[in-house]
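Read off the chains here:
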Amino acid sequence: MSVEIKEVSGTAGLQEIALLADEIWHECFVGIISSGQIDYMVEKFQSFRAMTEQTEQQGYKYLAVRDDGELCGYIGIKPETDDRLFLSKLYLRKDKRGHGTASLMLGRVFEEAGKIGKKRVYLTVNKHNVHAVDVYVRKGFVQTAEAVTDIGGGYVMDDFIMEYTL
Ligand SMILES: CC(C)(COP(=O)(O)OP(=O)(O)OC[C@H]1O[C@@H](n2cnc3c(N)ncnc32)[C@H](O)[C@@H]1OP(=O)(O)O)[C@@H](O)C(=O)NCCC(=O)NCCS
């Protein structure tokens, strides 16, 4: 395994991430949210159109994770105006999980935060996404709040907010 994490630039890069996001979301959220909500959230947050808007207008940055050159995961981050970096996305294809790659990915997120002078990294995670919560706790995140967010379409996100201090 040779993992490389690199910033995504250009249309082709985001298109590739959008395809992977569609695949991962339709696997990992089954049993956590409804299939209707998965479709809705992929379109709203992870489609090529949505990610183009995020990167061009909202300050998001996407990083591609490749193992031996093959795209297998991605990270989405956004600096806030205070001392925090928002970790918006941390996704790895199922067959690549369980090998410590998320630790490398989180290490890179902390590095990105440090580079721009941020002191904290925060994220939202579905309350029923037990494995992700366990990983975040293991890597030093603490739960700071809970949030139920109306995302339209008759759907809500039922999340923990977690934070890591650099
Ligand atoms: C969340 C996700 C990126 C984690 O990746 P992963 O490959 O499963 O996790 P890793 O094997 O890299 O483990 C990362 C760390 O957590 C630890 N860990 C893994 N499972 C754990 C568990 N059940 N309890 C405690 N620690 C655990 C590992 O030991 C490792 O720590 P270390 O490197 O310090 O030893 C991955 O499971 C994923 O993409 N899931 C689906 C999408 C998702 O839910 N994303 C998060 C949305 S908020």
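Just above, that's the structure.
Per-chain numbering applies: the sequence of each chain, read as written, is numbered from 1 onward. For a predicted model such as this one, the threshold for reporting local features is a pLDDT of at least 70, and the threshold for listing and counting side-chain atom pairs is 80 or more; totals across whole chains, interfaces and linings nevertheless cover every residue. As a rule here, side-chain values cover all heavy atoms of the structure and leave hydrogens and water aside.

What's the story with the layout of surface pockets in this structure? I'm lost.
The probe, sized like a water molecule, is rolled over the atoms to show the empty space still left. The distinction between a cavity and a pocket rests on a 1 Å grid over the protein atoms alone: a 1.4 Å probe fits inside a cavity but cannot get out, while a pocket stays open yet meets protein on both sides within 12 Å along at least five of seven lines, and a residue with an atom within 4 Å of a point counts as lining. Grid points are joined across faces, edges and corners, and a volume is the space filled by probe spheres set on the points. When its volume is computed, the largest pocket comes out at roughly 1100 Å³. Along the walls of the largest pocket sit 48 residues, with Phe-29, Leu-90, Tyr-91, Asn-129 and Tyr-136 positioned nearest its centre. With seven residues, strand β4 (residues 84–92) is the largest single contributor of residues to the lining of the largest pocket. In this classification, the charged set is Asp, Glu, Lys and Arg, the nonpolar set is Ala, Val, Leu, Ile, Met, Phe, Trp, Tyr, Cys and Pro, and all remaining amino acids, among them Gly, are polar. Residues that form the lining of the largest pocket fall into these classes: 25 nonpolar, 14 polar and nine charged. Under the scheme used here, helices are H or I runs from DSSP no shorter than 4 residues and strands are E runs no shorter than 2 residues, and both carry numbers assigned from the N terminus.

Even after reading the chapter, I still don't get the packing of aromatic side chains, so can you show me in this structure?
Note on aromatic pairs: each is described by the distance of the centres and the angle between the planes. Here a pair means two rings of Phe, Tyr or Trp (six-membered ring of Trp) with centres within 6.5 Å. Their orientation is stacked below 30 degrees between planes, edge-to-face above 60, and tilted elsewhere. Under the counting rule described, the total for this entry stands at eleven aromatic pairs. A centroid spacing of 3.8 Å and a plane angle of 5° characterise the contact between Phe-110 and Tyr-164, whose relative ring orientation is stacked. On the criterion of sequence distance, the pair formed by Phe-110 in helix α4 (residues 101–115) and Tyr-164 in strand β7 (residues 155–165) is long-range, its members being 54 residues apart. Exposure is judged per residue with a 1.4 Å probe applied to protein chains only, and the accessible area is read against the type maximum: over 50% gives exposed, under 20% gives buried, and values in between give partly exposed. A residue is classified by how much of its surface remains accessible, and Phe-110, at 14% relative accessible area, is buried. Between the aromatic rings of Phe-141 and Tyr-164, the centroid separation amounts to 5.5 Å while the plane-to-plane angle is 45°, which identifies the pairing as tilted.

Teacher, can you tell me more about the site of the ligand here?
By nearness alone, 21 residues border the ligand, and Leu-92, Ser-103, Asn-129, His-131 and Lys-139 come closest of all. Two N or O atoms form a polar contact when they lie within 3.5 Å of each other; inside protein one atom must be a possible hydrogen donor and the other a possible acceptor, and for residues adjacent in sequence the pair counts only when both atoms belong to side chains. At 2.9 Å from a nitrogen atom of the ligand is found a main-chain nitrogen or oxygen belonging to Leu-90. Across the complex, the protein chains shield 77% of the 950 Å² of accessible surface that the ligand would expose by itself. The rule for placing a molecule in a cavity or pocket is simple: more than half of its atoms must lie within 2 Å of the grid points. Given that more than half its atoms are within 2 Å of the pocket grid, the ligand belongs to the largest pocket. It is helix α5 (residues 130–138) that provides the largest number of residues to the shell around the ligand, a total of six residues. Here the shell around the ligand is built from residues that sort into nine nonpolar, eight polar and four charged. Near, as used in this document, describes a residue that has one of its heavy atoms within 4 Å of the molecule or strand being considered. To measure how exposed things are, a 1.4 Å probe is used in the Shrake-Rupley method; for residues, cover is taken only from the protein chains shown.

What is the right way to look at helix α2 (residues 35–46) in this model?
Residues separated by three or four positions in an α-helix point in the same direction, a consequence of the helix having 3.6 residues per turn. Taken together, the buried positions of α2 are Gln-37, Ile-38, Met-41, Val-42 and Gln-46. All buried residues of α2 fall inside an arc of 135° around its axis, so they share one side. Working note: the arc is built from the helix axis to C-beta atom directions.

Looking at this structure, how should I read the sheet that holds strand β2 (residues 61–67)?
The sheet built from seven strands is open, its strands ordered β1-β2-β3-β4-β5-β7-β6 with mixed pairing. The open sheet is flanked by β1 (3–7) and β6 (142–152), the only strands paired with a single partner. Each strand of the sheet is rotated relative to its neighbour by a mean of 30°, with strand direction disregarded. The criterion used for residue contact is that any of the two residues' heavy atoms lie within 4.5 Å. Only the stretch in contact is used when a helix axis is fitted, and all axes are lines through C-alpha atoms; the angle between N-to-C directions ranges over 0 to 180 degrees. α5 rests against β4, β5 (120–126) and β7 of the sheet, and its axis sits at about 160° to β5. Think of it this way: DSSP has to see at least two bridges between two strands before they count as a pair.

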